[in-house]
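# Per-entry structural report
Here is what each chain is made of, one letter per residue.
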Amino acid sequence: SINKNIPLYSFIGKLNEENGALLLLDIIEKLCKETNNNINILIVGNGDINDPYYQVCLKKMNYLIKSYPFCIYVEPNRCYNKDELNLILKGSDFGLIPFLYDSWLNLHYKYFTTGTPIIGYAIGHLKDAVKEFNFSNMTGNGFLFDHFNSMEFYLAIKRSLDLFYNEKLFEICKNNCEAPVVDYNEVCLDLCRELCKLKNKIFFKNKDIFDNYYYPSFPHNLSYCFYYLYSLVLNYYFYYFYYYYIT
């Protein structure tokens, strides 16, 4: 069972060097001792059994599981389904993304949609999306570390512990997580604008103009995005021919 008074941190990703798995495993014991075992860390992922890095991770995880069974939970051989992953995202107090490169499949946005602050390495999109929480003006949605090493990661987690035990500020930080989440329809519109610039085309956002001259269905959801992109990039005459002679 999960104690709501104890922070839950989750790491989702392959256990390899690029994802900074050892950065986390190297500091878990220190965190457990300093918090008097009042910390929960969930690791979701596995690695290549032939990878020496992953073999080191396995040894460390086995040691940590035996030494701190109430603080760390990991099953390298378990496959989580979509519903289970969504529960992990939603149930976590903080998401850990110490990735050396941009997070896969925009993992930080998945955390943000559930109101979960991020602790991650300041790189790429993560650096743009995650803003260091400021205890003074109550802005920000997580914590970042600028140097890819365990000590920097440890200090970021320590700052998050201070936030967690301040219920008012922690709730504000969780609410701030909604700000970086961008609607996919808006993303598609931005892509269309850029495509129009590349092709020297005029971008029509007005629904009536679009319906009259291009594909007769405005993309209110993702299923029509490809039609929308094609209609803006390809010229009018092609669609005229397509509409009257092919369909």
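Below or above, wherever it landed, is the structure these notes cover. (Residues numbered from 1 in each chain as written. Predicted model: local features only at pLDDT ≥ 70, side-chain atom pairs only at ≥ 80, totals over all residues. Heavy atoms only, no water.)

### Quick look at the packing of helix H1 (residues 21-34) against helix H6 (residues 150-164)
Test applied: To obtain each axis, a line is fitted to C-alpha atoms, and for helices this fit is confined to the stretch in contact; angles are then taken between N-to-C directions over 0 to 180 degrees. Only runs of H or I of at least four residues qualify as helices and only runs of E of at least two qualify as strands under DSSP, and these elements are numbered from the N terminus. Just so you know how the angles are binned, under 35 degrees is roughly parallel, over 145 roughly antiparallel, 65 to 115 roughly perpendicular, and the rest oblique. In a left-handed crossing the near helix is turned counterclockwise from the far helix by less than a right angle, and in a right-handed crossing that turn is clockwise. Any two residues whose heavy atoms approach within 4.5 Å at even a single point are treated as in contact. All residues other than Ala, Val, Leu, Ile, Met, Phe, Trp, Tyr, Cys, Pro, Asp, Glu, Lys and Arg, Gly among them, are scored as polar; the first ten of these are nonpolar and the last four charged.
Running from N to C, H1 and H6 point in directions that differ by 45°, and their axes come no closer than 9 Å. In terms of orientation, H1 and H6 fall into the oblique class. Between H1 and H6 lies a crossing of right-handed hand. Touching Leu22, Leu23, Leu24, Asp26, Ile27, Lys30, Leu31 and Glu34 of H1 are Ser150, Met151, Phe153, Tyr154, Ile157 and Lys158, all from H6. Taken together, the residues of the contact of H1 with H6 break down into nine nonpolar, one polar and four charged.

### A look at the pattern of salt bridges
Working definition: two side chains of opposite charge can pair if their charged atoms are close together. Worth spelling out the cut-off: Take a side-chain nitrogen of Lys or Arg and a carboxyl oxygen of Asp or Glu: if they are within 4 Å of each other, that pair is a salt bridge. Each residue's exposure class comes from its accessible area (1.4 Å probe, protein chains only) as a fraction of the maximum for that residue type: buried when under 20%, exposed when over 50%, partly exposed otherwise.
By the definition in use, this model includes six salt bridges. Note that Glu34 and Lys158 form a salt bridge whose closest N and O atoms lie 3.2 Å from each other. Here Lys158 lies in helix H6 and Glu34 lies in helix H1, a separation of 124 residues in the sequence. Residue class for Glu34 comes out partly exposed when judged on its relative accessible area of 41%. Note on Lys158: relative accessible area 31%, which makes it partly exposed. Among the charged side chains, a network of salt bridges with common partners joins Glu75, Arg78 and Glu84.

### A look at unusual backbone geometry
Despite not being glycine, Asn37 shows a phi value in the positive range, around 65°. Among the secondary structure elements, Asn37 is positioned in the loop between H1 and strand E2 (40-44). Non-glycine residue Met138 carries a positive phi angle of around 60°. Secondary-structure assignment places Met138 in the loop between helix H5 (124-129) and strand E6 (142-145).

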